[in-house]
Structure formats: C-alpha cells, structure tokens
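Chain by chain, the residues run as shown.
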Amino acid sequence: MDMNTEDYKKYAKAHAPKSPVFKNCIKAFLVGGIICTLSQGLRQLYGYLLGVDTTVASALASITLAFVAIVLTALGVFDNIAKHAGAGTLVPITGFANAVSSPAIDSKAEGLVLGVGTKIFSVAGPVILYGTLTGVIYGLIYYVYLCVVS
C-alpha cells in the first residue's frame, strides 16, 4: 500500500478513537481537587493535633500524600485511579511519588541493588537534574543582576 504523508494523516485521524476531552478535564479537575482538599485537611489536622506551624504541617501533609501514593502504587490501585482521573493524579505530589516508586516496584524481582536501586530514579532523575540545573542558572542570572544593579 503506497501512502504519502498527507494520506496517512487523514487515515490515522479517521481511525483514531475520539477522546472525550471535556469529560476528562472534569474528572482531572475533580480528582486533583479532592487530592488538594485532602492535603489541606491533613495540613490543618497536623497543625491542630501536633501544634506545629504551617510549614511543618505542610511538610507532614506532603509526606503523608507521597506515602499513600506509594502504597497505592505498590498495591496496583494508583494506576486504576490514574486511568480515570488522568492529570488529576499526575499534577499533585502524588504523581511524582508514583513516578519515583513505580519503576522501583516493577523491578524489585531483580534485587535491591540492581533492581530497585538502579530503577528508582529512572523517571525522577531527569526531573531532579534539570530542576537543579534550572535553579543554578536562575541563581547565576539573579546574582549577575544584583551585581550589575548594585
């Protein structure tokens, strides 16, 4: 079958399943909102029960959400939630916890060092690397700006 690029694009578009974009956006908004509301509730609960300031309570809430996401990932539940919620689970800290833990959990049969140890940062490693690099570049620009202005 001989097809040029334009014909292939038309063929692919005609046979591709239609995505319910509006419905998916609503699901992502609701699930992401529930996660963020849960985080705010945990923050207030930790502040009230432990009597800590908002910074410590926020850190504890983030740690709790990350822990719950990792446990749900290990149990295979997080992926089912993410199938329906889409970016609603990806955007909050739960998505990052899932991205870090999922490759490690999948490769646990290979052992702690060669499996978990090598795979744990396969997804998060580039995020950490480029986030740190961006912070350094921003810091250098800020430092040069302060030196020039001052």
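1. Quick word on the overall build of the protein chain
So, step 1. From N to C terminus, the protein chain includes eight helices and zero strands.
So, step 2. Reading the protein chain from its N end, one meets helices and strands in the order α-α-α-α-α-α-α-α.
So, step 3. A buried classification covers 20% of the 150 residues belonging to the protein chain.
So, step 4. Nonlocal contacts in the protein chain, meaning residues at least 24 apart in sequence, comprise 45% of its contacts between residues at least 6 apart.

2. A word on the packing of helix H2 (residues 21–50) against helix H3 (residues 54–75)
So, step 1. Across the interface, H2 lies against H3 with an axial gap of 8 Å and an inter-helix angle of 130°. As the angle between them shows, H2 and H3 are arranged oblique. The crossing of H2 and H3 is right-handed. Two secondary-structure elements touch here, H2 through Ile35, Leu38, Ser39, Leu42, Arg43, Tyr46, Gly47 and Leu50 and H3 through Thr54, Ala57, Ser58, Leu60, Ala61, Thr64 and Leu65.
So, step 2. For the contact of H2 with H3, the per-class residue count stands at nine nonpolar, five polar and one charged.

3. Some details on the packing of H3 against helix H4 (residues 77–85)
Pairs of packed helices are described in terms of their axes, by the angle between the two and the distance that separates them.
So, step 1. Where H3 meets H4, the closest approach of the two axes is 5 Å, and the angle between their N-to-C directions is 100°. The orientation of H3 with respect to H4, classified from their angle, is roughly perpendicular. The residues of H4 that touch H3, namely those facing Ala69, Leu72, Thr73 and Leu75, are Val77, Phe78 and Ile81.
So, step 2. Looking at the contact of H3 with H4 residue by residue, the classes come out as six nonpolar, one polar and no charged.

4. Details of a nonpolar patch on the surface
So, step 1. Residues Phe67, Val68, Val71, Leu75, Val77 and Ile81 make up a contiguous nonpolar surface patch of roughly 510 Å² in combined accessible area.
So, step 2. Element by element, the count of residues in the nonpolar patch is highest for H3, at four residues.
So, step 3. The residue Val77 is located in helix H4 in this model.

5. Some thoughts on the layout of surface pockets
So, step 1. Taken as a whole, the largest pocket spans an internal volume of roughly 180 Å³.
So, step 2. Lining the largest pocket are Val31, Ile34, Ile35, Leu38, Leu65, Val68, Ala69, Leu72, Phe78, Ile81, Thr89 and Thr94.
So, step 3. Counting only elements with at least two residues in the lining of the largest pocket, the list comes to H2, H3 and H4.
So, step 4. Per-class residue counts for the lining of the largest pocket are ten nonpolar, two polar and no charged.

6. Thoughts on the environment of Phe78
So, step 1. In this fold, Phe78 is placed in helix H4.
So, step 2. Along the backbone, Phe78 and Ser102 are 24 residues apart, and their C-alpha atoms lie at a distance of 9.8 Å.
So, step 3. Residues contacting Phe78, with those up to four places away along its chain left out, are Ala69, Leu72, Thr73, Thr89, Thr94, Gly95 and Asn98.

7. Quick look at the confidence of the model for the protein chain
So, step 1. Looking at the protein chain as a whole, its pLDDT mean stands at 84, while 88% of the residues score no less than 70.
So, step 2. By mean pLDDT, the top-scoring element of the protein chain is H2 (92), and the lowest-scoring one is helix H7 (residues 112–119) (66).

8. A short note on the side chain of Thr89
So, step 1. Tracing the sequence through the fold places Thr89 in helix H5 (residues 87–90).
So, step 2. Overall, Thr89 belongs to the buried group, its relative accessible area being 3%.
So, step 3. When residues no more than four places from it in sequence are discounted, the contact partners of Thr89 are Val31, Ile35, Phe78, Ile81, Ala82, Thr94 and Gly95.

9. With respect to the environment of Ile26
So, step 1. Within the secondary structure, Ile26 is located in helix H2.
So, step 2. Here Ile26 falls in the partly exposed class, since its relative accessible area comes to 37%.

Cut-offs applied
- Residues numbered from 1 in each chain as written.
- Predicted model: local features only at pLDDT ≥ 70, side-chain atom pairs only at ≥ 80, totals over all residues.
- Heavy atoms only, no water.
- Helix = DSSP H or I, 4+ residues; strand = E, 2+ residues; numbered from the N terminus.
- Buried < 20%, exposed > 50% of the residue type's maximum accessible area, 1.4 Å probe, protein only.
- Contact = heavy atoms within 4.5 Å.
- Axes fitted to C-alpha atoms, helices over the stretch in contact; angles between N-to-C directions.
- Parallel < 35°, antiparallel > 145°, perpendicular 65-115°, else oblique.
- Left-handed = near helix turned anticlockwise from the far one by under 90°.
- Nonpolar A, V, L, I, M, F, W, Y, C, P; charged D, E, K, R; others polar.
- Patch = residues over 30% accessible without salt bridge, like charges linked within 9 Å, V, L, I, M, F, W, Y side chains within 5 Å.
- Areas by Shrake-Rupley, 256 points an atom, 1.4 Å probe, with all protein chains shown as cover.
- Salt bridge = Lys/Arg side-chain N within 4 Å of Asp/Glu carboxyl O.
- 1 Å grid on protein atoms, 1.4 Å probe; cavity = no way out; pocket = protein on both sides within 12 Å on 5 of 7 lines; lining within 4 Å.
- Points joined across faces, edges and corners; volume = space filled by probe spheres on them.
- pLDDT = per-residue confidence, 0-100.

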